[in-house]
Number of protein chains: 2
Amino acid sequence: MKTIVMKFGGTSLANIDRMRQAAGHIEREFNKGLRVIVIVSAMAGETDRLVNLANKIEGNLDLSERDVLISSGEQASAALLAMILKAKGIEAKSWLGWQLPIKTDYMHGSARILNIDKNDLEDNFNKHEISIVAGFQGISDKNRITTLGRGGSDTSAIAIACAIEADICDIYTDVDGVYTADPRIVPKAQRLEKVSYEEMLEMASLGAKVLQTRSVELGMTSGLSIRVRSTFDDHVINDNINNQKSIGTIICEEDEILEHKIVSGIAYSKDEAKITLTKLNDNPGIAALVFGSLADGGINVDMIVQNISSDGKFTDLTFTVPASDIKRATVMLESLKNSIQYDKLLGSKDIVKVSVIGVGMRSHSGVAALMFKTLAEKGINILAIATSEIKVSVLIDVQHLEIAVKSLHTAYNLDKNS
Amino acid sequence: MKTIVMKFGGTSLANIDRMRQAAGHIEREFNKGLRVIVIVSAMAGETDRLVNLANKIEGNLDLSERDVLISSGEQASAALLAMILKAKGIEAKSWLGWQLPIKTDYMHGSARILNIDKNDLEDNFNKHEISIVAGFQGISDKNRITTLGRGGSDTSAIAIACAIEADICDIYTDVDGVYTADPRIVPKAQRLEKVSYEEMLEMASLGAKVLQTRSVELGMTSGLSIRVRSTFDDHVINDNINNQKSIGTIICEEDEILEHKIVSGIAYSKDEAKITLTKLNDNPGIAALVFGSLADGGINVDMIVQNISSDGKFTDLTFTVPASDIKRATVMLESLKNSIQYDKLLGSKDIVKVSVIGVGMRSHSGVAALMFKTLAEKGINILAIATSEIKVSVLIDVQHLEIAVKSLHTAYNLDKNS
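All figures in this text were calculated on a predicted structure; none of them were measured in a lab.

**Section: the overall build of chain A**
- In terms of helices and strands, chain A carries 13 helices and 20 strands.
- Relative to its full complement of 418 residues, chain A shows a buried share of 47%.
- Put simply, of all contacts in chain A between residues at least 6 apart along the chain, 76% involve residues at least 24 apart.

Encoded structure:
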């Protein structure tokens, strides 16, 4: 008998009507004779409401108690969904992190799952009862509630799917799959039928907010098929596991994908900020001092460009940090001005990182060259470049975002035939 | 070392500012060197919000899942209050029903506490850490969350206070004590410094919504001193356990109260409805049929009056039921019309039960007579009468409520000297 894990995000559970729609998907899969486990996020807005309450407290926030607070959101949605199913006559029961239990370490707010006890879940299969598991939460060996960090319900779902060796993990959300680009920017973007774990990882970390990066890594390690699909496609009827090609996007091993495009998608991220230090002494050790200090402060530096200035003595150093860290990075570097000896520190958040991603790059050359040529034709200046085996990223001014993504989408033949 | 249990109701925790005020009371008691346990309700409005969500579900509500849902309210307030205390530098930790654990039976929605494990609470005393316990909730031996019913946080507080043999249980609420009458109706009502368990039980069950009846019973069984006091009295400074006479109302044994008034207070309840069956056959067995059917339907009948009609053949039967049950009672009696054989069924919610309460009645006669005389002087018709050892209740038209309570308050010398 096949086993399916179904995960519903906050927008899919935003109110009782939407929960009923989610219950319809669950009922359909259950009626196929599948063994079903459901993982839920908190109702849309609920986690924010709780976090805002906590943020009104002055002084240091105790992260352990914060976990007790925000885990209550998933507790409520799990109970409500179980109630809806039971009212329909379908056997269902809610399970909280401490009840299964889902054991984690005790890094409150960003805990990692150590072990999932499968006994109750398997008992429930035998009782033909659907387990509705509260996502995002676990319990430490000190008997305290932990949470897995934002988007952690994806991780809960995929960890449970791996533990019970599910055939597939369906992530129900408010989009009907992973697209070749953000459809709000590129109307000709196409849904990908399949995408490899590696590509999805790059897309996730580069700003496509469909799945949490950690959950994709977890799925990749176990070779679990993950499907991203919409809760709101009610016209989907004939979608059993064997005939799922046309629904959502499957994230799977590279070799399960028959037709590879060279580039699978164009991603962008606005969560970056640029810092430029001008007229640095072009001495060995200066870069180590700059980046060493930032690393000590826990600030991740992503892209780095160093321009040799005309006189050969001085250099300008440009790099990016997470936008949320720019203030802290600025303070840190200004306090080091005497030892680093630069002229000016220029900071800007008006930049965006645009990336082309595709496992096909491994065997095709010219992908980066086409990117630079396309942007140059549109008069877009590239501020920095970073590459990996399967992606090329450039930093550009945010004003060029739309035209850049659109023209790259066309250049790599990703536009949908209209 | 003395031990105090402090319970805060929903209005005392309605937002972060009010929680800070509650934290101020906790800090004051802790700084006296007392061993402190705190019990919390959900933030005001939160339980209603969750119940309303559940009520949108069509079909039968699963009571076990409903408990998972609504217990999340106390979970959130316990965590927030612990965070506020820790941010002030006071060691505190939240405890949920399953964590201590507080074992209950599995009557979901109205569970009874079977056992409270004191180990963690006593460990926390030794660590000088304040335990913030989520009220209203427990756990069944099936490892499922249970709740104790509306007002159940009072019961949690008093049960825990009894278990750890606390010296006092302070119930912090939005009123500064128990009054001789509802101050909204009787401006001359006075706060009672002390009131006996028996009187408080009558007041609670007759409509003074200060404490849940079950919690008073529990306190009475153990002889625990319970004090009702206001969270919002910030001017209270010098209130240690030995000098508490002037704060709130203490509920205690009758013999701890030195000066007894004959009547301690006037209570009223609007939660009643009246049903009259006219021209019943005055046969033996008819009353048994009427009240037997209602009892089988789980409807509590409170006051009963039977008028012998002039011709001696027929009688009118009047009785009261909870206002929430009048519809059900009416349907039930109409379906029995053939066997009962009455002329008309007259129902009304425009009635109120007014009661005078006092342990002094045991040794004083004339209390009921004064009540009837006072109401007669105001031209108020008495529809039904019920008495117990320490109270006299009458049923009157709701339009007379204010004048009845005010004139009784004066008649029994309860008016405050202004």
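**Section: the interface of chain A and chain B**
- Residue-level contacts link 30 residues of chain A with 30 residues of chain B.
- Taken together, the elements giving at least two residues each to the side of chain A that touches chain B come down to helix H2 (46-55), helix H3 (63-70) and helix H4 (72-87) of chain A.
- A per-element tally of the side of chain A that touches chain B places H4(A) first, with ten residues.
- Residues of the side of chain A that touches chain B, tallied by class, amount to 16 nonpolar, seven polar and seven charged.

**Here we look at the domain arrangement of chain A**
Residues and elements named next belong to chain A.
- Here the domain parsing of chain A yields domain 1 (3-255) and domain 2 (260-418).
- Taken over C-alpha atoms, the centre of domain 1 sits 33 Å from the centre of domain 2.
- Across the contact, 18 residues belong to domain 1 and 22 residues belong to domain 2.
- Every element with two or more residues in the side of domain 1 that touches domain 2 is listed here: strand S10 (194-196) and helix H7 (197-205).
- In terms of residue class, the side of domain 1 that touches domain 2 is made up of nine nonpolar, four polar and five charged.

**A few points about the relation of the copies chain A and chain B**
- Placing chain A over chain B gives an RMSD of 0.1 Å and needs a rotation angle of 180°, together with 0.1 Å of translation along the axis. In short, the pair behaves as if placed about a two-fold rotation axis. Closest to the rotation axis within chain A is the C-alpha of A:Ser72, separated from it by 2.7 Å.
- The fraction of interface residues of chain A whose copies in chain B are also interface residues reaches 100%, indicating that both copies meet through the same surface.

**Topic: unusual backbone geometry**
- Following A:Leu100, the chain continues to A:Pro101 via a peptide bond in cis, the omega torsion being -10°.
- Considering the arrangement of structural elements, one finds A:Pro101 in the loop between strand S3 (92-95) and strand S4 (102-104).
- In this structure, B:His128 is a non-glycine residue whose phi angle is positive, near 55°.
- Examined against the element boundaries, B:His128 turns out to sit in the loop between helix H5 (119-126) and strand S6 (130-134).

**Observations regarding the sheet that holds strand S10 (residues 194-196) of chain B**
Residues and elements named next belong to chain B.
- The eight strands lie next to each other as S3-S6-S2-S1-S9-S11-S12-S10, forming an open sheet whose pairing is mixed. One side of each edge strand has no neighbouring strand; the edge strands of this open sheet are strand S3 (92-95) and S10. Sheet twist, expressed as the average angle between the axes of neighbouring strands with direction ignored, equals 20°.
- Where strand S9 (residues 168-173) lies against strand S11 (residues 226-230), five bridges are found, and the strand directions are parallel. Pairing of Thr 173 across the sheet is with Ser 230, part of S11.
- On the sheet, helix H4 (residues 72-87) packs against strand S2 (35-40), S3 and S6 and is oriented at approximately 160° with respect to S6.

**Considering the packing of H2(A) against H3(A)**
Residues and elements named next belong to chain A.
- Taken N-terminus to C-terminus, the directions of H2 and H3 make an angle of 145°; their axes are 10 Å apart at the nearest point. Judged by the sense of rotation from one axis to the other, the crossing of H2 with H3 is right-handed. Of the residues in H3, those in contact with Thr 47, Leu 50, Val 51 and Ala 54 of H2 are Arg 66, Leu 69 and Ile 70.
- Residues that form the contact of H2 with H3 fall into these classes: five nonpolar, one polar and one charged.

**Some words on helix H13 (residues 401-411) of chain A**
All names here are of chain A.
- Buried within H13 are the following residues: Ala 404, Val 405, Leu 408 and His 409. Buried residues of H13, seen end-on, are gathered within an arc of 125° and therefore sit on one face of the element.
- Taken from the residues just after H13, Asn 413 is the one with a positive phi, measuring 60°.

**Some words on the confidence of the model for chain A**
- With 95% of its residues at a pLDDT of 70 or more, chain A shows a mean pLDDT of 91.
- What the predictor reports for the complex is a pTM of 0.87 with an ipTM of 0.86.

**Focus on the sheet that holds strand S17 (residues 345-348) of chain B**
Residues and elements named next belong to chain B.
- The strand order across the open sheet built from four strands is S15-S16-S14-S17, with neighbouring strands paired in antiparallel fashion. Lying at the two open borders of the sheet, with one neighbouring strand each, are strand S15 (304-308) and S17. On average, each strand axis in the sheet is inclined to that of its neighbour by 15°, with strand direction left out of account.
- Bridging between S15 and strand S16 (residues 314-322) involves five bridges; their strand directions are antiparallel. Paired with Ile 308 across the two strands is Thr 315, which belongs to S16.
- The strands touched by helix H10 (residues 326-335) within the sheet are strand S14 (272-281), S16 and S17, with S17 carrying the most contacts at an inclination of about 180°.

**Concerning the environment of A:Glu74**
All names here are of chain A.
- Looking at where Glu 74 falls in the secondary structure, it is placed in helix H4.
- Note: C-alpha distance between Glu 74 and Gln 137 (63 residues apart in sequence) is 8.1 Å.
- Leave out the neighbours within four places in its chain, and Glu 74 touches Val 40, Ser 41, Ala 42, Ala 134, Gly 135, Phe 136 and Gln 137.

**Some points on the environment of B:Ile385**
Residues and elements named next belong to chain B.
- Structurally, Ile 385 can be placed in strand S19 (residues 384-388).
- With 14 C-beta atoms counted inside 10 Å, the residue Ile 385 sits in the partly exposed group.
- The sequence separation of Ile 385 and Ile 304 amounts to 81 residues, and the corresponding C-alpha distance is 8.1 Å.

**A word on the packing of helix H6 (residues 152-163) of chain A against helix H8 (residues 213-222) of chain A**
Residues and elements named next belong to chain A.
- It is the contact of H6 with H8, at a shortest axis distance of 8 Å, that shows an interaxial angle of 10°. Here H8 runs roughly parallel to H6, going by the angle between their axes. The handedness of the crossing between H6 and H8 is left-handed. Touching Asp 154, Thr 155, Ile 158, Ala 159 and Cys 162 of H6 are Arg 214, Ser 215, Leu 218, Gly 219 and Ser 222, all from H8.
- Within the contact of H6 with H8, the residues separate by chemical class into four nonpolar, four polar and two charged.

**Digging into helix H2 (residues 46-55) of chain B**
- Of the residues making up H2(B), those classed as buried are B:Glu46, B:Thr47, B:Leu50 and B:Leu53. Considered in projection along H2(B), the buried side chains sweep an arc of 125° and stay on one side of the axis. Along H2(B), the residues that are exposed and aim more than 90 degrees away from the buried face are B:Asn52 and B:Asn55.
- Against the buried residues of H2(B) lie helix H1 (16-31) and H4 of chain A together with helix H3 (63-70) and H4 of chain B.

**So, the pairing of strand S14 (residues 272-281) of chain A**
Residues and elements named next belong to chain A.
- Relative to strand S16 (residues 314-322), S14 is paired through eight bridges, and the arrangement is antiparallel. Bridge pairing links Ile 275 to Phe 319 in S16.
- For S14 and strand S17 (residues 345-348), the ladder comprises four bridges, and the chain directions are antiparallel. Counterpart to Lys 274 in the pairing with S17 is Ser 348.

**Re the environment of A:Gly33**
Residue and element names in this part refer to chain A.
- You can see Gly 33 is positioned in the loop between H1 and strand S2 (35-40).
- On the basis of neighbour counts, which here come to 11 C-beta atoms within 10 Å, the residue Gly 33 falls in the exposed class.
- Between the C-alpha atom of Gly 33 and that of His 128, which follows or precedes it by 95 residues, the distance is 9.4 Å.

Parameters at a glance
- Residues numbered from 1 in each chain as written.
- Chains lettered and ligands numbered in written order.
- Predicted model: local features only at pLDDT ≥ 70, side-chain atom pairs only at ≥ 80, totals over all residues.
- Helix = DSSP H or I, 4+ residues; strand = E, 2+ residues; numbered from the N terminus.
- Buried ≥ 20, exposed ≤ 12 C-beta atoms within 10 Å, placed from the backbone.
- Contact = placed C-beta atoms within 7 Å.
- Nonpolar A, V, L, I, M, F, W, Y, C, P; charged D, E, K, R; others polar.
- Domains from an automatic or database assignment.
- Least-squares fit on C-alpha atoms with pLDDT ≥ 70 in both.
- Pairing = 2+ DSSP bridges.
- Axes fitted to C-alpha atoms, helices over the stretch in contact; angles between N-to-C directions.
- Left-handed = near helix turned anticlockwise from the far one by under 90°.
- Arc of directions from axis to C-beta.
- pLDDT = per-residue confidence, 0-100.
- Parallel < 35°, antiparallel > 145°, perpendicular 65-115°, else oblique.

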